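Structure assessment
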Amino acid sequence: MTSDNQEPTAQSAAYPPPERLVKPEEGREKPWISSMAEYSALYNESIQQPDKFWTRTANELLTWDKPFTHVTQGSLKEGNMAWFSDGQLNISYNCVDRWAIKDPNRVAFVYEADEPGQASKVTYGELLSKVCSLANVLHSFGLRKGDTVAIYMPMIPEAAVAMLACARLGLVHTVVFAGFSSASLAERVADARCRVVITADEGLRGSRPIRTKAIVDEALKSCPEVERVLVFRRTGSEQVEFNAPRDVWWHEAVAAQRPYCSPVPVNAEDPLFLLYTSGSTGKPKGVVHTSGGYLLGAALTLKYVFDIHDGDVFCCTADIGWITGHSYVVYGPLALGSTSVVFESVPTYPDASRYWKLVEDHKITQFYTAPTAIRALRRHGDDFVTKCDLSSLRVIGSVGEPINPDAWTWYNEIVGGNRCAVVDTYWQTETGSHVITPLPGATVAKPGSATFPFFGIELAILDPTTGAELEGNDVSGVLAIKRSWPSMARTIAGDHKRFLETYLSPYPGYYFAGDGASRDADGYYWIRGRVDDVINVSGHRMSTAEVESALIGHNAVAESAVVAAPDELTGQSICAFVTLKNEFEANDKLKAELVKEVRTRIGPIATPKLLILVDELPKTRSGKIIRRILRKVVAGEADQLGDLSTLSDPSILDVLVREVSTAI
Ligand code: ATP
Ligand code: MG
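Residues numbered from 1 in each chain as written. Chains lettered and ligands numbered in written order. Predicted model: local features only at pLDDT ≥ 70, side-chain atom pairs only at ≥ 80, totals over all residues. Heavy atoms only, no water.

Comments concerning the overall build of the protein
Within the protein, the secondary structure is distributed over 20 helices and 30 strands. By its C-alpha atoms, the protein is 70 × 55 × 50 Å across when sized along the principal axes. Taken over 664 residues, the protein has a buried fraction of 62%. For the protein, the accessible surface area stands at approximately 24000 Å², while carbon and sulfur atoms represent 50% of it. A distance of 2 Å separates the average location of the 66 positive side-chain charges in the protein from that of its 81 negative side-chain charges. (Helix = DSSP H or I, 4+ residues; strand = E, 2+ residues; numbered from the N terminus. Buried < 20%, exposed > 50% of the residue type's maximum accessible area, 1.4 Å probe, protein only. Areas by Shrake-Rupley, 256 points an atom, 1.4 Å probe, with all protein chains shown as cover. Lys, Arg positive; Asp, Glu negative; His and termini not counted. Charge placed at Lys NZ, Arg CZ, Asp CG, Glu CD.)

See below:
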């Protein structure tokens, strides 16, 4: 979905896998996949002999209580997909016991607490006891296989313990990001019909206390069906209200329980969790993930995409309230018996070098974050990065939004020191694990492209209006997937019809991702942003990602968001919102320069008709730009913004409306 004359170029700068990965130092293993030929061979097998490929990987990476005899069934057309459906396993056994039995002193979690210098470790042996004790507590509450538990906790290892304790009993968890308001929490607790909520007294972010338990109390006023609230003592604040017998202290409850609990085997297709999507596009949906296929997807992608080997320390900065935290802080790393960093703080506390100090202190080997963090830290300048020793890093990843080539290059040069592979991973809550991604030892990267499909993912680019599949290279349209894969979501909780309507009916026979994409002359995939965000100027379709990247290419720009404004003459026109790097000052000359930047980089058709310099862009609580809000504001429909529960800072709305009305 790019303007006709502006295909993302096959000629863009290309970055082969770094020497250091391809020719590892003494004692270091070579990457799991070290050439495109190896990638292609395995990819072809996954597509042409899927039963063989998935049987092997599912048996290599997971331990089954009852082996599966059939691999896959159902179809995207009918929406009845199932994987390994007669197999049984337990997710917490796979993530914890296997390693606790073999090597109890191996570190499962490195916990970097909010206050610097307070890191601690949880070994697999300790994790097993914690998970078991808590599972016994949940059992004592009367919870049984299939019941749903809400988890509303700060980024502490106990949040993962809570998830794993649920999994041990075959309970379904729904983690709600602890930055959500009481109203959003109540909505999710009610939608998921939870009878138990697991929480903490308070959270801490950048030394600021967050009154977690008080938010739960407020939420539960409208959820009378909740019988128990289990409270972990994080800060020990005395201001926390405690309503016994509903409320139970975690430390008291676990002290009464035996630290062993036998894992309950579940069917591969039994649900493991439901998770509400981040809500960039509208009312959040409770996406349901099942057990066997999901865990396989998380483990397999992590192993290959981040090239995980024994002894690695993997750090994903996402909160466990998002799918990225589920798959790549908890389930993926633990399923591989790896060490995962749990980061409680914020990237700018006490200053903008926090992430990089973290890498230095814990000798992190793979680091995974979001473009929003990369752009924010780039805004603070390079010194915060370069003063830290980042030599342990081998692979650095990005997820959540398209990463603009300039931000990619900064990440590669300044953070990666040109010595790391950069993996721009495209996936969604609904896909469970990566679907388009480079592989560090094999793929020649192009900044801004998520490159090629992961194993088992058969992609298509469809004509948005006819739904016809666009064959060959050099094509743009909507992104779709042609067959099911193990970690895909199976339904939306309580609303299978919405699941079909959103993902499977728009283009029958395909999974519709909702994103625009192109395949360039070399077969690389470029995500062009959400289909709803595409702009149509005089019949030229343009992607927001492309115009935003052009703006970010200007040295003064920190971030930008581009939306369509209604236009009498051209149907739609381009309206660009821009935030500046700290050292730049807003003025008309700079605005004119920015408009010119877009004209020269893309062409006159992409010239923003309106360019507004703002202090902040509206973002979801996971840090993604919500263009839907900007679109409404420029259309003069600020009174019809829809569901705003995921908007991180509602106070910026008034400012935006004011800024837009003075600019128009
Ligand atoms: P909602 O579905 O509720 O509107 P959301 O789509 O933001 O929210 P997520 O599942 O967290 O919820 O995000 C998936 C989306 O994020 C993708 O559909 C895509 O638009 C974007 N995305 C994720 N990773 C990438 C990437 N590497 N490149 C480009 N876009 C990405
Ligand atoms: Mg989405």
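Here's the deal with the UniProt feature "domain: AMP-binding enzyme C-terminal" (unreviewed entry) in the protein
Those places that UniProt annotates as "domain: AMP-binding enzyme C-terminal" (unreviewed entry) correspond, in this numbering, to residues 546-624. Secondary structure within residues 546-624 divides into 27% helix and 32% strand; the distance between the first and last C-alpha atoms comes to 16 Å. (UniProt positions renumbered as here; feature names shortened; annotations may be inferred.)

Details of the nonpolar core
By size, the foremost hydrophobic cluster in this structure holds 128 residues, and its most contacted members are Phe-84, Leu-127, Ile-198, Tyr-331 and Phe-455. Considering each element in turn, this core owes the most residues, 10 residues, to helix α6 (residues 157-169). In this structure, Tyr-331 is in contact with Ile-91, Cys-95, Met-163, Leu-164, Ala-167, His-173, Leu-272, Phe-273, Tyr-294, Leu-295 and His-326, ignoring residues within four places of it in sequence. Formed by 31 residues, the second largest nonpolar core is a distinct cluster that contains Val-341, Trp-356, Leu-358 and Leu-377. (Core = buried A, V, L, I, M, F, W, Y, C linked by side-chain atoms within 4.5 Å. Contact = heavy atoms within 4.5 Å.)

Quick word on the packing of aromatic side chains
One pass over the structure, following the stated rule, counts 35 aromatic pairs. Taken together, a centroid distance of 5.7 Å and an interplanar angle of 25° make the contact between Tyr-39 and Tyr-43 stacked. Taken together, the residues Tyr-39 and Tyr-43, both in helix α2 (residues 36-48) and 4 residues apart, mark about one turn of the helix. Among the residues examined, Tyr-39 registers a relative accessible area of 8% and is labelled buried. Judged by its relative accessible area of 14%, Tyr-43 falls in the buried class. Aromatic pair Trp-54 and Trp-83: ring centres 5.8 Å apart, planes at 75°, arrangement edge-to-face. Here Trp-54, found in helix α3 (residues 50-61), pairs with Trp-83, found in strand β2 (residues 82-83); they are 29 residues apart in sequence, far enough to count as distant. As far as the burial class goes, Trp-54 and Trp-83 line up, both buried. Directly above the ring of Trp-249 sits Arg-233, whose terminal nitrogen or CZ lies 4.5 Å from the centroid. The ring of Tyr-524 carries Lys-446 above its face, with NZ or CZ at 4.3 Å from the centroid. (Phe/Tyr/Trp six-rings, centres within 6.5 Å; stacked < 30°, edge-to-face > 60°. Lys NZ or Arg CZ within 6 Å of the ring centre and 35° of its normal.)

Some words on helix α7 (residues 182-191)
Helical periodicity: at 3.6 residues per turn, an α-helix aligns residues three or four positions apart in one direction. Buried within α7 we find Ser-184, Leu-185, Ala-186, Arg-188 and Val-189. If you follow the buried residues of α7, they end up packed against β6 (148-152), β8 (196-200), α8 (212-220) and β14 (271-276). Two residues or fewer past α7, Arg-193 is found with a positive phi of approximately 55°.

Observations concerning the sheet that holds strand β5 (residues 120-123)
If you walk across this open sheet you meet the 7 strands as β5-β4-β17-β16-β18-β19-β20, and the pairing is mixed. Here the strands that pair on one side only, and so sit at the sheet edges, are β5 and β20 (421-424). Pairs of neighbouring strands in the sheet enclose a mean axial angle of 20°, with direction left out of account. The sheet contact formed by strand β4 (residues 107-112) and β5 spans 4 bridges and is antiparallel. Bridge pairing links Val-107 to Thr-123 in β5. Along the sheet face, helix α5 (residues 124-140) touches β4 and β5 and points at about 75° away from the line of β5. (Pairing = 2+ DSSP bridges. Axes fitted to C-alpha atoms, helices over the stretch in contact; angles between N-to-C directions.)

Overview of the sheet that holds strand β21 (residues 459-462)
With respect to topology, 4 strands assemble into an open sheet ordered β21-β22-β24-β25, the strand pairing being antiparallel. The open sheet terminates on both sides in strands that have one partner only, identified here as β21 and β25 (525-530). Within the sheet, the average angular offset between the axes of one strand and its neighbour, ignoring direction, is 45°.

Some remarks on the side chain of Arg-20
Among the structural elements, Arg-20 can be located in helix α1 (residues 19-22). Ignoring anything within four residues of it in the chain, the contact list for Arg-20 reads Glu-25, Ser-391, Ser-392, Leu-393, Arg-394, Arg-419 and Cys-420.

Here we look at the environment of Ala-592
On the secondary structure map, Ala-592 appears in helix α18 (residues 588-601). Since its relative accessible area comes to 47%, Ala-592 is described here as partly exposed. As a C-alpha pair, Ala-592 and Ser-476 span 116 residues in sequence and 30 Å in three-dimensional space.

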